Amino acid sequence: MPRPASRLPALALLLGSALLLQGCVVGTVVGAGAAVVGGTAKVAGSAVGAGFDAVTTSDEETRARREREQRDWEREQHRCEERQRKGKRC
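Now for a quick tour of the structure. In this text the structure is predicted, and so the values were computed from the model without any measurement.

## Some words on the overall build of the protein chain
Now for step 1: Helix and strand content of the protein chain: two helices and zero strands.
Now for step 2: Expressed as a percentage of its 90 residues, the buried residues of the protein chain come to 2%.
Now for step 3: Of the roughly 8100 Å² that the protein chain leaves accessible, carbon and sulfur atoms contribute 63%.

## Comments concerning the state of the cysteines
Now for step 1: Within this structure, the stated rule accounts for one disulfide.
Now for step 2: Between the sulfur of Cys-80 and that of Cys-90 lies a disulfide, 1.6 Å long from S to S. Measuring the twist about the S-S bond at about 85°, one finds the Cys-80-Cys-90 disulfide to be right-handed. In this pair, Cys-80 sits in helix H2 (residues 59–85) while Cys-90 sits in the segment after H2, placing the two residues 10 residues apart along the sequence.
Now for step 3: The class for Cys-80 is buried, based on a relative accessible area of 16%.

## Considerations on H2
Now for step 1: Spanning 27 residues, H2 covers 39 Å between terminal C-alpha atoms, matching the ideal 39 Å at 1.5 Å per step.
Now for step 2: Looking one or two places after H2, you find Gly-87, whose phi comes out positive at around 85°.

## Topic: the environment of Arg-79
Now for step 1: Here Arg-79 lies in helix H2.
Now for step 2: The sequence separation of Arg-79 and Cys-90 amounts to 11 residues, and the corresponding C-alpha distance is 8.0 Å.

Rules and cut-offs
Residues numbered from 1 in each chain as written. Predicted model: local features only at pLDDT ≥ 70, side-chain atom pairs only at ≥ 80, totals over all residues. Heavy atoms only, no water. Helix = DSSP H or I, 4+ residues; strand = E, 2+ residues; numbered from the N terminus. Buried < 20%, exposed > 50% of the residue type's maximum accessible area, 1.4 Å probe, protein only. Areas by Shrake-Rupley, 256 points an atom, 1.4 Å probe, with all protein chains shown as cover. Disulfide = S-S within 2.5 Å. Expected span 1.5 Å × (residues − 1).

Read these as geometric descriptors, not functional statements.
Spelled out as structure tokens, the structure:
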């Protein structure tokens, strides 16, 4: 049976390497977690960006909508005038 004095360096080596490996494992887990969070953040950022684009309108879209509304209003006014000429209510 080995003497306790000869076990001490082996135990120190075992504990030291366990601590070092623990750091590697933690680093790997943290790195993988950061990759998952980073990937999720990119996806979430893309989704938010797409949602923002869907909610906001460009100047060209606003102008086109106003022109369309103006044409619709003029068309309705024309129909109303025609109905009034025929003696009907709008």
